[in-house]
Amino acid sequence: MVKISRINEQILNTLPSPCWLLEEHLLRANMELLKSIKEQTGVKILLALKGYSLWSSFDVISSYLDGCCASGINEAMLSSEEFKKQTHTYSPAFKESQIGSIAKISSDMVFNSPAQFKRFSALAKKTNPSISLGLRINPEYSESPVDMYNPCGLYSRLGTTLKNFDESILEELEGLHFHALCEQDSSALEKVLEVFEANFKTYFKHLKWVNFGGGHHITRDGYDVQKLIELLNDFKSRYPHLEVYLELGEAVGWQTGVLVATVLDIVDNGMKSAILDTSNEAHMPDTVIMPYRADVRGSSEANIKKFTYRLTGNTCLAGDIMGDYSFDKELEIGDKIIFEDQIHYTMVKATTFNGIPLPSIAILRENGEVDVVKNFDYDEFKDRLS
């Protein structure tokens, strides 16, 4: 799927800096692909708020997707207030004090262990008799490329293994949920499904739904969409009584927007370093945690183009460095630097470390208008602490 940015110099000049800029037409292109999958398979797709929570764009997303999956009370409230469709809430461990509040606004509640299921299912049902209760399972198989993102790794706390499954919950259990992928293709899902089905299919007759979790890189160029459709239809043909869910965060926001920054100064201590009004540590933490090197529009690797610079952040952290990039022209103070694909995950993880303000948030609407939906000021920094 070819994605063409509509950002031009005129648009850049209208933006505050730094600024996250979502391109609405790119978001809709992702949604159209997901819509096509839904139409060809009958599955339901949820927005994973842990990866994408830009609620000013929910008017576009909610017209395509079936609801949200939340990781706790705050995300469940956001889903209820702003998305206003299904809310599926899962946590590795729920607090008793929050069960009632979560159950009240959730259509589905997924527990991580049989112990939590038995401890809280009655309270959840008492609060919301129509709520559907599920259990996250660990299929004990994953091809996740990074151990940090492998929920099926050795000694994982995430999900219930077949050995630890408690059949006493079957009377109340309506769904099973697994999450075993990380930015992977449908071929990885195929192998996980084989193990999941082999280990847990004996319980399917008791259920109403299954959730195949996230990590499906559906909107990435080269993803085998047709294979995904075949896998989903094949599974549904064997278990027609089961509703099937996918939950997507990164795939929703994938390549839909950028982080725009400005060159504040250029320092040469043996190598030219451009200091920007943004921060790797604070504004692009996923590039540090994952880690990965952010693409910069118009640049190449160091020493490929004529002029090489180290792009750095505006905090006192010595390691606040985005990387070394080369450009066709010399950078000047006031130049704009565009970091690609900065709307999903890294955006929700951003902080105000060192007192640096969060980037503004803007949406380039499909009609060409730029809508600055949020500017962050001192209050956001102060109110985080007390």
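Anyway, here's the lowdown on the structure attached to this text. Since we're looking at a predicted model, the values are computed, not measured.

Some remarks on the packing of aromatic side chains
Applying the stated criterion across every chain, the model contains 16 aromatic pairs. On the basis of an interplanar angle of 40° and a centroid distance of 5.3 Å, the ring pair of Phe196 and Phe204 is categorised as tilted. Across the pair, Phe204 and Phe196 agree in class, each one buried. With a centroid separation of 6.0 Å and an interplanar angle of 65°, the aromatic rings of Phe204 and Phe235 are classed as edge-to-face. Residue Phe204 is located in the loop between helix H7 (186-200) and strand S8 (209-211), and its partner Phe235 is located in helix H8 (residues 225-238); the two are separated by 31 residues in the primary sequence. The pair formed by Phe204 and Phe235 is uniform in burial state, with each residue classed as buried. By way of ring pairs, the aromatic residues Phe165, Phe178, Phe196, Phe200, Tyr203, Phe204, Phe212, Phe235 and Tyr239 are connected into one cluster.

Observations regarding the nonpolar core
Counting 91 residues, the largest nonpolar core has Phe196, Phe212, Leu311 and Phe339 as the members making the most contacts within it. If we skip the residues at most four places from it in the chain, Phe339 touches Val258, Leu259, Ala261, Leu276, Thr278, Met284, Ala294, Asp295, Val296, Leu311 and Met322. Counting residues in each nonpolar core, the second largest holds 11 residues, with Ile11, Cys19, Val258 and Ile338 among its members.

Describing the pattern of salt bridges
With the rule as written, the count across this model stands at 20 salt bridges. A salt bridge links Arg297 to Glu340; the shortest N-O distance between them is 2.7 Å. Of the two residues, Arg297 is situated in the loop between helix H11 (285-289) and strand S12 (300-301) and Glu340 in the loop between strand S15 (336-339) and strand S16 (360-364); the sequence distance between them amounts to 43 residues. A relative accessible area of 23% places Glu340 in the partly exposed class. A cluster of three or more residues bridged by salt bridges with shared partners is formed by Glu24, Arg365 and Asp371.

A few points about the packing of helix H5 (residues 96-105) against helix H6 (residues 114-127)
The relative placement of two packed helices is expressed as an angle between their axes plus a distance between the axes. H6 packs onto H5 with a crossing angle of 40° between their chain directions and a minimal axis gap of 8 Å. The pairing of H5 with H6 is recorded here as oblique in orientation. Of the two elements, H5 crosses H6, and the hand of that crossing is right-handed. Along its contact with H5, which presents Glu96, Ile99, Gly100, Ala103 and Lys104, the element H6 presents Arg119, Phe120, Leu123, Ala124 and Thr127. For the contact of H5 with H6, the per-class residue count stands at five nonpolar, two polar and three charged.

Concerning H7
Turn by turn, an α-helix covers 3.6 residues, leaving residues three or four places apart pointing in a common direction. For H7, with 15 residues, the first-to-last C-alpha span of 20 Å sits near the 21 Å given by 1.5 Å per residue. Taken together, the buried positions of H7 are Ser186, Ala188, Leu189, Val192, Leu193, Phe196, Glu197 and Phe200. Each buried residue of H7 sits inside an arc of 155° when the element is viewed along its axis, so together they form one side. Across H7 from its buried face, at more than 90 degrees, point the exposed residues Glu194 and Ala198. Lining the buried residues of H7 we find strand S7 (175-177), S8 and H8.

Examining a nonpolar patch on the surface
A contiguous nonpolar surface patch, about 270 Å² in accessible area, is contributed by Met148, Val288 and Ile289. Along the polypeptide, Met148 turns up in the loop between strand S6 (132-136) and S7. With a relative accessible area of 58%, Met148 lands in the exposed category.

Here's the deal with the sheet that holds S6
The eight strands are arranged S2-S3-S4-S5-S6-S7-S8-S9 in a closed barrel whose pairing can be described as parallel. Each neighbouring strand pair of the sheet contributes to a mean axis angle of 25°, computed without reference to strand direction. Relative to strand S9 (residues 243-248), strand S2 (residues 44-48) runs parallel, the two being bridged by four bridges. Paired with Lys44 across the two strands is Tyr245, which belongs to S9.

Observations concerning the layout of surface pockets
Reported here for the second largest pocket is a volume of approximately 670 Å³. The wall of the second largest pocket is formed by 23 residues, among which Ser53, Trp55, Met347, Val348 and Phe376 lie closest to the centre. The set of elements that each furnish at least two residues to the lining of the second largest pocket consists of helix H4 (73-83) and strand S17 (370-374). Among the elements that line the lining of the second largest pocket, the one with the most residues is H4, at three residues. Looking at the lining of the second largest pocket residue by residue, the class counts come to 13 nonpolar, five polar and five charged.

Cut-off values and rules
- Residues numbered from 1 in each chain as written.
- Predicted model: local features only at pLDDT ≥ 70, side-chain atom pairs only at ≥ 80, totals over all residues.
- Heavy atoms only, no water.
- Phe/Tyr/Trp six-rings, centres within 6.5 Å; stacked < 30°, edge-to-face > 60°.
- Buried < 20%, exposed > 50% of the residue type's maximum accessible area, 1.4 Å probe, protein only.
- Helix = DSSP H or I, 4+ residues; strand = E, 2+ residues; numbered from the N terminus.
- Core = buried A, V, L, I, M, F, W, Y, C linked by side-chain atoms within 4.5 Å.
- Contact = heavy atoms within 4.5 Å.
- Salt bridge = Lys/Arg side-chain N within 4 Å of Asp/Glu carboxyl O.
- Axes fitted to C-alpha atoms, helices over the stretch in contact; angles between N-to-C directions.
- Parallel < 35°, antiparallel > 145°, perpendicular 65-115°, else oblique.
- Left-handed = near helix turned anticlockwise from the far one by under 90°.
- Nonpolar A, V, L, I, M, F, W, Y, C, P; charged D, E, K, R; others polar.
- Expected span 1.5 Å × (residues − 1).
- Arc of directions from axis to C-beta.
- Patch = residues over 30% accessible without salt bridge, like charges linked within 9 Å, V, L, I, M, F, W, Y side chains within 5 Å.
- Areas by Shrake-Rupley, 256 points an atom, 1.4 Å probe, with all protein chains shown as cover.
- Pairing = 2+ DSSP bridges.
- 1 Å grid on protein atoms, 1.4 Å probe; cavity = no way out; pocket = protein on both sides within 12 Å on 5 of 7 lines; lining within 4 Å.
- Points joined across faces, edges and corners; volume = space filled by probe spheres on them.

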